[in-house]
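A structural walkthrough
Next come the chains, spelled out residue by residue.
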Amino acid sequence: SSAASDVYKRQGLTLTIHCHKDAFVCTDKERILQIGNNLLSNAFKFTPAGGTVSLTLTATEQHAIVRVQDTGCGMSAGTGAHIFEKFYQGDTSHATRGNGLGLALVKRVVDIVHGEISVESELGKGTTFTVKIGRA
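This write-up is about the structure you can find in this document. From a predicted model like this one, the values you see are computed outputs, not experimental measurements. (Residues numbered from 1 in each chain as written. Predicted model: local features only at pLDDT ≥ 70, side-chain atom pairs only at ≥ 80, totals over all residues. Heavy atoms only, no water.)

**So, the side chain of Thr 130**
Structurally, Thr 130 can be placed in strand β5 (residues 126-134). A residue is classified by how much of its surface remains accessible, and Thr 130, at 8% relative accessible area, is buried. Reaching out from Thr 130, the side chain makes a polar contact with the side chain of Arg 67 at a distance of 3.1 Å. Those residues in contact with Thr 130 that sit more than four places away from it in its chain are Ile 65, Val 66, Arg 67, Glu 116, Ile 117 and Ser 118. (Helix = DSSP H or I, 4+ residues; strand = E, 2+ residues; numbered from the N terminus. Buried < 20%, exposed > 50% of the residue type's maximum accessible area, 1.4 Å probe, protein only. Polar contact = N/O pair within 3.5 Å; in protein donor to acceptor, adjacent residues only side chain to side chain. Contact = heavy atoms within 4.5 Å.)

**Quick look at the environment of Gly 50**
Structurally, Gly 50 can be placed in the loop between α2 (29-46) and β2 (52-59). For the pair Gly 50 and Gly 12, spaced 38 residues apart in sequence, the C-alpha separation works out to 5.7 Å.

**As for helix α4 (residues 102-112)**
Where α4 is concerned, the buried positions are Leu 103, Ala 104, Val 106, Val 109 and Val 110. Considering only its buried residues, α4 is in contact with α2, β4 (116-122) and β5. A positive backbone phi angle near 60° is found at His 114, which sits one or two residues after α4.

**As for the packing of α2 against α4**
One can describe the packing of α2 onto α4 by two numbers: an axis separation of 9 Å at closest approach and a directional angle of 150°. When the axes of α2 and α4 are compared, the pair comes out roughly antiparallel. Classified by chirality, the crossing of α4 by α2 is left-handed. On α4, the residues that touch Arg 31, Gln 34, Ile 35, Asn 38, Leu 39 and Asn 42 of α2 are Gly 102, Leu 103, Leu 105, Val 106, Val 109, Val 110 and Ile 112. When the residues that make up the contact of α2 with α4 are grouped by side-chain class, the tally is 8 nonpolar, 4 polar and 1 charged. (Axes fitted to C-alpha atoms, helices over the stretch in contact; angles between N-to-C directions. Parallel < 35°, antiparallel > 145°, perpendicular 65-115°, else oblique. Left-handed = near helix turned anticlockwise from the far one by under 90°. Nonpolar A, V, L, I, M, F, W, Y, C, P; charged D, E, K, R; others polar.)

**Comments concerning unusual backbone geometry**
Even without a glycine there, the phi angle at His 114 is positive, about 60°. Structurally, His 114 can be placed in the loop between α4 and β4.

**Considering the pairing of strand β3 (residues 63-70)**
In the case of a regular strand, side chains alternate between the two sheet surfaces. Summarising the sheet, β2 and β3 pair through 7 bridges and their orientation is antiparallel. Following the sheet pairing, Leu 55 is matched in β3 by Val 68. In the sheet, β3 pairs with β5 via 8 bridges, with the strands oriented antiparallel. By the bridge assignment for β5, Ile 65 is matched with Lys 132. (Pairing = 2+ DSSP bridges.)

Spatial relationships are all this shows, so hold off on functional conclusions.
As structure tokens, then:
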């Protein structure tokens, strides 16, 4: 969206997008956009100027796969274990820029479309969220 492009430009980030031409699913478009927008918003929030945020869409026979990767601050395993809980904020320095509902909402929407979400992260190196949504 243009709002997302304004944010990453204003923050001095590089945004890369790679979409496989067959990465499609038959599901609610608004819900998929909600997932993508929330994950991108989080990546922008936790990536400092000069960093990179990547959005990749790929597909297997069974799944469309959305991956949002950033070169931001990353998180500890302890924080990662709680990030999908309502109101949980692992990094309180960003508390004024969110209410702790974003990732809980993403998890709820992923559940509604019968998908899966996972996270990999390393402190100081960044975070990758992977969402798999069934194609059938």
